[in-house]
Amino acid sequence: MPELPEVETIKNTLKRFLLNKTIENVSVYWSNIIKLPDDIEKFKFMLTGQTFQNITRKGKFLLFHLDDYMLISHLRMEGKYSIDDASTPIKKHTHVIFSLNNNEELRYNDVRKFGTMHVVNKGEELLNKPLNQLGPDPFDKDFTLTYFYEKLNKTDRFIKTVLLDQSIVTGLGNIYVDETLFKAGVHPLKKASRLSKKEIKGIQDQAILTLKEAVEQGGTTIKSYVNGQGEMGMFQQKLFVYGQENEPCKNCGRPIVKMKVGGRGTHVCIACQKQ
DNA sequence: CGTTACACCTGCCGGC
DNA sequence: TGCCGGCAGGTGTAAC
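Structural notes, computed from the coordinates. (Residues numbered from 1 in each chain as written. Chains lettered and ligands numbered in written order. Predicted model: local features only at pLDDT ≥ 70, side-chain atom pairs only at ≥ 80, totals over all residues. Heavy atoms only, no water.)

For the rest of this paragraph, the subject is the packing of aromatic side chains. A complete count under the given rule lists 6 aromatic pairs for this structure. Ring geometry for Phe 143 against Phe 148: centres 5.0 Å apart, planes inclined by 65 degrees, an arrangement best described as edge-to-face. Phe 148 carries the same exposure label as Phe 143, and that label is buried. Ring centres of Tyr 176 and Phe 235 lie 5.8 Å apart, and the angle between their planes is 40 degrees; this geometry places the pair in the tilted category. Pair noted here: Tyr 176 is in helix H5 (residues 174-184) and Phe 235 is in the loop between helix H6 (197-216) and strand E10 (257-261), with a separation of 59 residues, a long-range link. Ring pairing ties together the aromatic residues Phe 52, Phe 64, Tyr 81 and Tyr 108, which thus form one cluster. Between Lys 113 and the ring centre of Trp 30, over which it is positioned, the NZ or CZ distance is 3.5 Å. In this structure, Lys 197 packs its charged tip against the face of Tyr 149, placed 5.0 Å from the ring centre. (Phe/Tyr/Trp six-rings, centres within 6.5 Å; stacked < 30°, edge-to-face > 60°. Buried < 20%, exposed > 50% of the residue type's maximum accessible area, 1.4 Å probe, protein only. Helix = DSSP H or I, 4+ residues; strand = E, 2+ residues; numbered from the N terminus. Lys NZ or Arg CZ within 6 Å of the ring centre and 35° of its normal.)

As structure tokens, then:
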């Protein structure tokens, strides 16, 4: 589900509700969500009494900064957070509840149960799973053309596959990779090692521009993505190829083709994107 | 070590 | 109508 722009939007919404609120109780209804610590009772014990100092984002990960710990949350395909009054009935797919000191609750909902949570000591989060293998965030200063070129130049994988690899650059997912490659005029099946420096700069520039514009629009709403306040993103109105199979290309009018790349549905204009 | 296949889950949609 | 395969905004790990 969410990629960088959706996670950024969720982060900003949750900050308005959670900063300076204290966790008074934790309930877990599907323990496989909790990856660290191993023991669910320890997970609850660590978080109880902790206050939200800040919320940040690295790639598609949400980082809840508490007094002593960092709660690291990944929404994977379908994870959603909601802020509910404690009296609101729990939904079928609510798996974790953090009860706050204002009679409200932060609830984690996830139809497919793919999402993950890790709790680590504050300050150690970048050295350990799950953040230690991530490449730079696209908005970070260290996402330079030199870095990107060297990474792309030494792999024969398809460019689409490489852009989805979070150890190269973190935050792009299936929607924004397809949009980026279309705008850069590069075919998803082109081998990364065969891209020119100009093409790589085009991919980098279009990725950053696309993600920034999507953040401004509050993300993309497919099916039922909503932020923590029930607001939908609007970027789906600006999609050129994702979900546009058989629709005319907004650039040349030819039908958008859907294919499979690395097991992922992939949308391409075979006239505008050169292989 | 680099790369790919599969596992993890549920719901929905289209074809027979 | 009912069943079944395929698909979905992702990634950790086993296996090659």
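After that view, the rundown keeps rolling.
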